[in-house]
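Structural overview for review
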Protein chains: 2
Amino acid sequence: MKNEKYALGVDIGGTNIKLGIVSSSGKIVFKTMLPTNRRDGPDEVISQLKKGIKSILGKKKYKIKGIGIGAAGSVSSKDGTVSNPPNVPGWKVVNIVKIIKEEFNVSVFIDNDANAAAIGEMLYGVGKNYSSFALITLGTGVGGGLILNNKIFQGITGAAGEIGHISIDHNGRKCNCGAHGCVEAYVGNHYLIDIVKKELLDHKDSKILELINYNTDLLTPIIINQASEADDKYANDVIEKVGYYVGCALSTVANLLEMDTFIIGGGVSAFGRPLIDSIKMTIKKNVLKILKNRINVLQAQLKNDAGVIGAASLIFYNSKLN
Amino acid sequence: MKNEKYALGVDIGGTNIKLGIVSSSGKIVFKTMLPTNRRDGPDEVISQLKKGIKSILGKKKYKIKGIGIGAAGSVSSKDGTVSNPPNVPGWKVVNIVKIIKEEFNVSVFIDNDANAAAIGEMLYGVGKNYSSFALITLGTGVGGGLILNNKIFQGITGAAGEIGHISIDHNGRKCNCGAHGCVEAYVGNHYLIDIVKKELLDHKDSKILELINYNTDLLTPIIINQASEADDKYANDVIEKVGYYVGCALSTVANLLEMDTFIIGGGVSAFGRPLIDSIKMTIKKNVLKILKNRINVLQAQLKNDAGVIGAASLIFYNSKLN
């Protein structure tokens, strides 16, 4: 299209850095990826990041308005920094925005990956139709992004939206963050797999065990989903329980913010309709009367490209704001 | 003062309607009260409300800019309505703003009492120094108000801020609202008294029992506070526990909104320093690393007049916004 503008979206994940040129109507027109090499430390990650950006900017076809970056961990969008991302040895606080701006001399925005995904859903996904919603990403970690009146709510330094660290039980499971009962400690990938491994000892007839050839090291959310699709009762129960835990946390978001719309993204959201139904039922059951008949729970629309489109959307979103 | 402006603040409580003329610098220059007569139904409450306003407007000395009303229960500040307030038989949805505007022909704003208290603290209390804070009121119910970037956050219809209905235990005590583990179900007056009554069976040496002459019907938060001031160990434990429960709920507010400042109001906040310390310690222990060293927990400053000053502040606040 003649009036399309373009931005470069960069999704810094634990395994790969994904990059894509995204149009202002939310389409990826070119994409690539390279390994994050996070175990080699911050300098190597930054070097990979620059390499990736250089390679994609070499494709001269699209003039970009800027570079949007989504990253896991503690990101200050205001300062442009990423602090202590998971599993990168030696990384304390790194000002990625400054580094990339100096190298490429374009406008650069960064946000945590869940906030970027929320902005992506607001501009290009199922969030288009709602002025306020909470997005939750279910993956290794459980992240969140809050859209309030068509704006991302970032808090004082940009760290708001940590839905994964809503405690649903003050006496509950210990979370990596040090607190007890965070919803991440029930439905974050590792925690979930851990729980299921133990429970399988009492569910020896579950199809999950057949699918992994009785080797629980092969257990993944995808396997649980496959068993559920083959109508395995225990797998169904697991998905319902995940929905219940997530629903408990989102009920708190609902009551606190009078929030009625929730978008579910991330890998575990592949549990699909049964997960969505369980989340919705739990929220409706738990929230105050005024909210009961207004609750929407929706599957995120951007799926696999959420990271790159979300990151690029930071550019279009921020240029609208300014 | 020459340039002072004035507003009428009206606090509709369960027992009394309190009214006061409040200056734009937050001072009450005249006040009065009359019984709510809530058991006689909505018409009687409205009639008392009009009577109170008439009597105070009869004092011609002050020209008022408008009438601000704070009310318990489900208030839509946008529609001007109060829905199903606690313990008023026959009250469904009543548009108080419309009724009072028509009768007195002045500008009228309404909000729930916790939101009004939060605005009051922002304009005239300890909240003056913070651009964002969460206020929690500890009384019969547990209410809340969220100030985000110097504005009250009301949600879609004005029902946001229900801190009392943050669940701290999805398997916990049943709350009046129907959900389990709401913090109100642990520290709301009736619930708290209920818990203490039962626990006193195992604390027969507590000074609380002396103070109430062994008649547990006389048990109130004030008595617990008296016993604590006389260094009663069990009473101290109760206050610490109240702080712990409140702190658990506020940790969720902190993580979700990157909120670092909390103001504690309402009757139970008379527990004072030991309560504040316990809340603060619990929050610091539970929140994400980025927040741990930034947590402020403060006692509300407006105390007994919080209702009337908060209600009047709706007028000064809204006239600034418009």
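Residues numbered from 1 in each chain as written. Chains lettered and ligands numbered in written order. Predicted model: local features only at pLDDT ≥ 70, side-chain atom pairs only at ≥ 80, totals over all residues. Heavy atoms only, no water.

**Points about the interface of chain B and chain A**
Inclusion rule: Between two residues, a contact is recorded if the distance between any of their heavy atoms is within 4.5 Å. By convention, the term buried area covers the 1.4 Å-probe accessible surface removed from two parts as they join, with the contributions of both added. Note on definitions: salt bridges are taken to be side-chain nitrogens of Lys or Arg within 4 Å of carboxyl oxygens of Asp or Glu. What qualifies as a polar contact is a pair of N or O atoms within 3.5 Å, subject to a donor-acceptor requirement within protein and to the restriction that residues adjacent in sequence count only when both atoms come from side chains. Secondary structure elements follow DSSP: runs of H or I no shorter than four residues count as helices, runs of E no shorter than two count as strands, and numbering proceeds from the N terminus. Three classes are used: nonpolar for Ala, Val, Leu, Ile, Met, Phe, Trp, Tyr, Cys and Pro, charged for Asp, Glu, Lys and Arg, and polar for all others, with Gly counted as polar.
Facing the 39 residues of chain B at the interface are 38 residues of chain A. Interface of chain B and chain A: buried area, both sides summed, is about 3200 Å²; carbon and sulfur atoms make up 60% of it. Together, His170, Leu256 and Glu258 of chain B form the three largest contributors to the area buried by chain B at its contact with chain A, with a combined 22%. For the pair chain B and chain A, the interface holds 0 salt bridges. On the surface where chain B and chain A come into contact, there are 18 residue pairs in polar contact (both at pLDDT 80 or more). Among the secondary structure elements, those contributing two or more residues to the side of chain B that touches chain A are strand E10 (142-148), helix H8 (233-257) and helix H10 (289-292) of chain B. The leading source of residues in the side of chain B that touches chain A is H8 of chain B, at 8 residues. When the residues that make up the side of chain B that touches chain A are grouped by side-chain class, the tally is 19 nonpolar, 14 polar and 6 charged.

**Observations concerning the nonpolar core**
Selection criterion: What makes a nonpolar core is a set of buried Ala, Val, Leu, Ile, Met, Phe, Trp, Tyr and Cys residues whose side-chain atoms join them at distances within 4.5 Å. Burial classification: accessible surface area is computed with a 1.4 Å probe over protein chains only, and a residue below 20% of its type maximum counts as buried, one above 50% as exposed, and the rest as partly exposed.
Ranked by internal contacts, the top residues of the largest apolar core, which has 104 residues, are Val253 of chain A together with Val253 of chain B. Once residues lying within four places of it in the same chain are set aside, the contact partners of Val253 of chain A are Ala134, Leu146, Ile163, Ile166, Glu258, Met259 and Phe262 of chain A together with Leu256 of chain B.

**Digging into the packing of aromatic side chains**
Residues and elements named next belong to chain B. Stated formally: Under the pairing criterion, centres of Phe, Tyr and Trp rings, with the six-membered ring standing for Trp, must be within 6.5 Å; the plane angle then separates stacked pairs below 30 degrees from edge-to-face pairs above 60, leaving the rest tilted.
Per the counting criterion, the structure on display carries 6 aromatic pairs over all chains. On the numbers, 4.6 Å between centres and 35° between planes, the contact of Tyr186 with Tyr245 is tilted. With Tyr186 in helix H4 (residues 184-187) and Tyr245 in helix H8, this residue pair connects regions lying 59 residues apart in the sequence. In terms of burial, Tyr186 and Tyr245 fall into one category: buried.

**Let's talk about the sheet that holds strand E12 (residues 261-265) of chain A**
Residues and elements named next belong to chain A. Note the cut-off: Paired strands are those between which DSSP finds at least two bridges.
Taken in spatial order, the 5 strands line up as E11-E10-E9-E12-E13 in an open sheet, and their pairing is mixed. Edge positions in the open sheet fall to strand E11 (151-152) and strand E13 (296-299), since each of these has one partner strand only. Of the strand pairs in this sheet, strand E9 (residues 133-138) and strand E10 (residues 142-148) are connected by 6 bridges, and their pairing is antiparallel. Residue pairing for E10: Ala134 is matched across the bridge by Leu146.

**Comments concerning the relation of the copies chain B and chain A**
Short version of the rule: What sets the superposition is a least-squares fit of C-alpha atoms, and only residues with pLDDT of at least 70 in both copies go into it.
Take chain B, turn it by 180°, move it 0.0 Å along the axis, and it overlays chain A with an RMSD of 0.0 Å. Put plainly, the chains are arranged around a two-fold axis. Relative to the rotation axis, the closest C-alpha in chain B is found at Asp169 of chain B, a distance of 2.0 Å. Here 97% of the interface residues in chain B have copies in chain A that are interface residues too; the copies meet face to matching face.

**Points about the sheet that holds strand E6 (residues 81-83) of chain A**
Residues and elements named next belong to chain A. Definition in use: Here the axes come from fitting lines to C-alpha atoms, over the contacting stretch only for helices, and the angles between their N-to-C directions go from 0 to 180 degrees.
Read across the open sheet, the 3 strands follow the order E5-E6-E7; overall the sheet is antiparallel. Edge positions in the sheet fall to strand E5 (74-76) and strand E7 (93-95), since each has one partner strand and no second. Going from strand to strand, the sheet's axes swing by 20° on average, the running direction of each strand aside. One ladder, built from 3 bridges, connects E6 with E7; its direction is antiparallel. Across the sheet, residue Thr81 finds its bridge partner in E7, namely Asn95. The strands touched by helix H2 (residues 96-104) are E6 and E7; relative to E7, the strand with the most contacts, the crossing angle is about 30°.

**What about the pattern of salt bridges?**
Under the definition given, this model contains 18 salt bridges over all chains. Residue Lys233 of chain B pairs with Asp237 of chain B through a salt bridge whose shortest N-O separation is 2.8 Å. Of the two residues, Lys233 of chain B and Asp237 of chain B are both situated in helix H8; the distance of 4 residues between them amounts to about one turn of the helix. Assessed through its relative accessible area of 59%, Lys233 of chain B is described here as exposed. Among the charged side chains, a network of salt bridges with common partners joins Lys50, Lys54 and Glu103 of chain A.

**Re the packing of helix H8 (residues 233-257) of chain A against helix H9 (residues 272-286) of chain A**
Residues and elements named next belong to chain A. Going by this rule: Each angle is binned into one of four classes, with values under 35 degrees roughly parallel, values over 145 roughly antiparallel, values of 65 to 115 roughly perpendicular, and all other values oblique. In this scheme the crossing of two helices becomes right-handed for a clockwise turn of the near helix relative to the far one and left-handed for an anticlockwise turn of less than a right angle.
Running from N to C, H8 and H9 point in directions that differ by 40°, and their axes come no closer than 7 Å. Classified by the angle between their axes, H8 and H9 sit oblique to one another. Crossing hand, H8 versus H9: right-handed. Contacts between H8 and H9 involve Ile239, Glu240, Val242, Gly243, Tyr244, Val246, Gly247, Cys248, Leu250, Ser251 and Asn255 from the former and Pro274, Leu275, Ser278, Ile279, Thr282, Ile283 and Asn286 from the latter.

**Some remarks on helix H1 (residues 42-57) of chain B**
Residue and element names in this part refer to chain B. Threshold: Multiplying 1.5 Å by the residue count of a helix minus one yields the expected span of that helix. Note: the arc covers the axis-to-C-beta directions of the helix.
With 16 residues, H1 extends 22 Å from end C-alpha to end C-alpha; this agrees with the ideal 22 Å at 1.5 Å per step. What H1 keeps buried is the set Pro42, Val45, Ile46, Gln48, Leu49, Gly52, Ile53 and Ile56. Relative to the axis of H1, the buried residues are bounded by an arc of 160° and lie together on one face. Seen from the open side of H1, the exposed residues pointing more than 90 degrees away from its buried face are Asp43 and Lys51.

**Describing the domain arrangement of chain A**
Residues and elements named next belong to chain A. Note the following rule: All domain edges in this entry derive from an automatic or database-based domain assignment.
Taken domain by domain, chain A holds domain 1 (6-120 + 305-321) and domain 2 (129-300). Taking only C-alpha atoms into account, the centre of domain 1 sits 26 Å from that of domain 2. The interface of domain 1 with domain 2 comprises 12 residues on the first partner and 16 residues on the second. Regarding the contact of domain 1 and domain 2, the summed buried area is about 1100 Å², with carbon and sulfur atoms giving 50% of it. Area buried by domain 1 at its contact with domain 2 is led by Lys78, Asn115 and Ala118, which between them contribute 39% of it. In this assembly, domain 1 and domain 2 are joined by 0 salt bridges. Linking domain 1 to domain 2 there are 6 residue pairs in polar contact (both at pLDDT 80 or more). Elements that contribute at least two residues to the side of domain 1 that touches domain 2 include exactly E5, helix H3 (113-124) and helix H11 (306-321). Among the elements that make up the side of domain 1 that touches domain 2, the one with the highest residue count is H3 (5 residues). By residue class, the composition of the side of domain 1 that touches domain 2 is 7 nonpolar, 3 polar and 2 charged.

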